[in-house]
Amino acid sequence: MEQKEIDRINELYHKSKSEEGLTPEEKEEQSRLRQAYLAAIRKNLRGTLDSIQIRKEDGTIVDLGKKFGSKDSREES
């Protein structure tokens, strides 16, 4: 998600709290932008979680992304 979209989310939030409020079109835009923002956060978090590796006491490394990761990660293995 680009910074201009995040700025627009914030702009719409502040406008919604003002006396003016949001038009129905702006409410729809706000909802769409928020959903896109949440999807970007989830994708980023999934990428971070999929890259975690743990070193066991015996020195072996377990790649948790491959073991427990998203369906896409398991299919690539």
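Above this note sits the structure.
These figures come from a predicted structure and were not determined experimentally. For every chain, the first residue of the written sequence is number 1, and numbering continues from 1 onward in sequence order. Per-residue local features are limited, in this predicted model, to residues with pLDDT of at least 70; the limit for side-chain atom pairs, both in listing and counting, is 80 or more; totals at the level of whole chains, interfaces and linings are taken over all residues. As a rule here, side-chain values come from all non-hydrogen atoms in the structure, and water together with hydrogens is ignored.

Asks: Would you explain the overall build of the protein in this entry?
Replies: A count of helical and extended segments in the protein gives four helices and two strands. Along the protein, helices (α) and strands (β) appear in the sequence α-α-β-β-α-α when read from the amino end. By definition in these notes, contact holds between two residues if any of their heavy atoms fall within 4.5 Å. Of all intrachain contacts in the protein linking residues separated by at least 6 positions in sequence, the fraction that spans at least 24 positions is 22%. For the purposes of this entry, the term helix denotes a DSSP run of H or I that reaches at least four residues, the term strand denotes a run of E that reaches at least two, and both are numbered from the N terminus.

Asks: Sorry if this is basic, but what is going on with helix α2 (residues 24-50) here?
Replies: To estimate how far a helix should extend, the number of its residues minus one is multiplied by 1.5 Å. A rise of 1.5 Å per residue sets the reference length of α2, with its 27 residues, at 39 Å; its end C-alpha atoms lie 39 Å apart and thus fit the reference within 8%. Each residue's exposure class comes from its accessible area (1.4 Å probe, protein chains only) as a fraction of the maximum for that residue type: buried when under 20%, exposed when over 50%, partly exposed otherwise. Along α2, the residues that are buried comprise E26, Q30, L33 and D50.

Asks: Honestly, the environment of G65 in this entry has me stumped. Any pointers?
Replies: Examined against the element boundaries, G65 turns out to sit in helix α3 (residues 64-68). In this structure G65 comes out as buried when scored by relative accessible area, which is 3%.

Asks: Before we go on, may I ask you to explain helix α1 (residues 3-17) in this structure?
Replies: Residues separated by three or four positions in an α-helix point in the same direction, a consequence of the helix having 3.6 residues per turn. Here α1 contains 15 residues, and its C-alpha end-to-end distance of 21 Å stays within 8% of the 21 Å for a straight helix at 1.5 Å per residue. Buried residues of α1: I9, L12 and K15, and no others. One side of α1 holds all its buried residues, which, seen down the axis, span an arc of 130°. The outward face of α1, more than 90 degrees from its buried face, is lined by the exposed residues H14 and K17. Think of it as the arc spanned by the lines of direction from the helix axis to the C-beta atoms.

Asks: When you look at the pattern of salt bridges in this model, what are you seeing that I'm missing?
Replies: Pairing is possible between side chains that carry opposite charge, provided their charged atoms lie close to one another. A side-chain nitrogen of Lys or Arg and a carboxyl oxygen of Asp or Glu constitute a salt bridge if their distance falls within 4 Å. Summed over all chains, the structure comprises five salt bridges. One salt bridge connects R8 with E29, and the closest N-O pair in it is separated by 2.9 Å. Residue R8 is found in helix α1, and its partner E29 is found in helix α2; the two are separated by 21 residues along the sequence. Judged by relative accessible area, which is 22%, R8 ranks as partly exposed. Of the charged contacts in the structure, one is a salt bridge between R46 and D50, with a shortest N-O distance of 3.2 Å.

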